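# Descriptive structure summary
Chain by chain, the residues run as shown.
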Amino acid sequence: MTTLVRAQKTLGLVGGTPNYEPLSQFPVPDVPARTYQYSADGRLFAYAVPSGVRIFQAESAQLLQELPLPNIVEINFSPRGTYLSTWERPVKLEDGAQHKNLRVFSVSTGEELVAFTQKSQEGWDLQYTLSESHAIRLVGQEIQVFHPATWSAGVVDKLKVEGATSVVLSPGLNPSVAVFVAEKKVRRSSLVRLASF
C-alpha cells in the first residue's frame, strides 16, 4: 500500500509498513501538481501538472499513461478505474465552436473516448454506476444516460425533469437517481425526485 505525501511544491508516493520510505521509482514532478486523485480501490494514482496528466500503478509507481493535456484543473477516476475524466476551464474558441473541456480517457490505452462541454466546475464529472454499466450527466434540465462500454453510441436514454438543478446517482448495485428541483415561486418548496435504473 502506498501513501501520497504532498508538500507545498512537490508530491511523492511513500511505501507502507514497516519503513514508510519514498518510492524511488516514482518520478517526482518537477513543477507543483495542480490536482491529484487515487482510484476508488487505491490501485491507480494520477496527478495533473501544467503540461499534462500522468497515471500510475500506485503500488509499483509504474507510469501507465502520460496524457499531454495542458491546463487541466480537475481529474477523477470512474468507480473501477477504467476511465479517467479531466476538466479544464472553458475557453472561447476562435471559430465559435463549443470548447469540449470535459474529456474521458481509457486508463489502459490513454485514448480519448468522449468529450463534452461543461461550463461549471461544480458537479463537473459524469456519475457512474458501481459496475460502470451506465454513466449520467445533467445538461440543462435533462439527465443524459450513456453506456461507457460504447461511448460512441452517444446518449442512450434521457430523462427530462423540469426545474432540475442537480442530480446524484446512489452507490450500490441497484442504483437510483435523485434529482433536486429548486423552488420557482414562494408557494412551492424545493423537492427531490427519485428514479431507478
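Residues numbered from 1 in each chain as written. Predicted model: local features only at pLDDT ≥ 70, side-chain atom pairs only at ≥ 80, totals over all residues. Heavy atoms only, no water.

## Some words on the pattern of salt bridges
Put simply, the rule is: By salt bridge we mean one thing: a side-chain nitrogen of Lys or Arg within 4 Å of a carboxyl oxygen of Asp or Glu. Strands here mean DSSP runs of E at least two residues long; helices mean DSSP runs of H or I at least four residues long; both are numbered from the N terminus. Here the term buried applies to any residue with accessible area under 20% of the maximum for its type, exposed to any over 50%, and partly exposed to those in between, with areas from a 1.4 Å probe on protein chains only.
With the rule as written, the count across this model stands at 4 salt bridges. Glu-88 is paired through a salt bridge with Arg-103; the nearest N and O atoms lie 3.3 Å apart. Taken together, the positions of Glu-88 in strand E8 (residues 83-88) and Arg-103 in strand E9 (residues 102-106) put the pair 15 residues apart, joining distant regions of the chain. One exposure class covers both Glu-88 and Arg-103, and it is buried. The salt bridge involving Glu-112 is made with Arg-103; its shortest N-O contact spans 3.3 Å. Residue class for Glu-112 comes out partly exposed when judged on its relative accessible area of 35%. Where salt bridges share partners, they join Glu-88, Arg-103 and Glu-112 into one cluster.

## Focus on the side chain of Ser-78
The condition is simple: Should any heavy atoms of two residues lie within 4.5 Å, those residues are considered in contact.
Mapped onto the elements of the fold, Ser-78 is located in the loop between strand E7 (72-77) and E8. Its relative accessible area of 2% is what places Ser-78 among the buried residues. Ignoring anything within four residues of it in the chain, the contact list for Ser-78 reads Tyr-83, Tyr-128 and Glu-132.

## Let's talk about the sheet that holds strand E12 (residues 135-139)
Spelled out, the test is: Strand pairing requires that DSSP identify at least two bridges connecting the strands.
Taking strand neighbours across the sheet as the criterion, the 4 strands line up as E11-E12-E13-E14 in an open arrangement whose pairing is antiparallel. Looking at which strands have only one partner, the edges of the open sheet turn out to be strand E11 (127-128) and strand E14 (157-160). The sheet contact formed by strand E13 (residues 142-146) and E14 spans 4 bridges and is antiparallel. Bridge pairing in E14 links Ile-143 to Leu-159.

## Thoughts on the side chain of Glu-88
Selection criterion: We call two N or O atoms a polar contact when they sit within 3.5 Å, provided that within protein one can donate a hydrogen and the other can accept it, with sequence-adjacent residues counted only if both atoms are side-chain atoms.
By relative accessible area, Glu-88 is classed as buried at 9%. Within the local environment of Glu-88, its side chain forms a polar contact with the side chain of Arg-103, the two groups lying 3.3 Å apart. With residues near it in sequence (within four places) discarded, Glu-88 still touches Pro-70, Asn-71, Ile-72, Val-73, His-99, Asn-101 and Arg-103.

## Description of the confidence of the model for the protein
The line we're drawing: Here pLDDT means the predictor's own confidence in every residue, given as a number from 0 to 100.
On average, residues of the protein score 85 in pLDDT, and 80% of them reach the 70 mark or higher. Here strand E17 (residues 191-196) is the element of the protein with the lowest mean pLDDT, 56, and E9 is the one with the highest, 98.

## Some words on unusual backbone geometry
The backbone of Asn-71 sits at a positive phi, close to 70°, despite the residue not being glycine. Examined against the element boundaries, Asn-71 turns out to sit in the loop between strand E6 (62-67) and E7. With relative accessibility at 44%, the residue Asn-71 sits in the partly exposed group. Not every positive phi belongs to a glycine, and Glu-132 is a case in point at roughly 65°. Note that Glu-132 resides in the loop between E11 and E12.

## Here's the deal with the packing of aromatic side chains
Which entries qualify depends on this criterion: In this scheme Phe, Tyr and Trp rings, the latter by its six-membered ring, pair at centre separations within 6.5 Å, and the angle between planes marks the pair as stacked below 30 degrees, edge-to-face above 60, and tilted otherwise.
Counting across every chain of the model gives 8 aromatic pairs. Judged by centre distance (5.1 Å) and plane angle (55°), the rings of Tyr-38 and Phe-45 are tilted. On the accessibility criterion, Tyr-38 (24% relative accessible area) is partly exposed. A centroid spacing of 5.9 Å and a plane angle of 10° characterise the contact between Tyr-83 and Tyr-128, whose relative ring orientation is stacked. One end of the pair, Tyr-83, is in strand E8; the other, Tyr-128, is in strand E11, with 45 residues separating them in the sequence. On the basis of relative accessible area, Tyr-128 is assigned to the buried category, the value being 10%.

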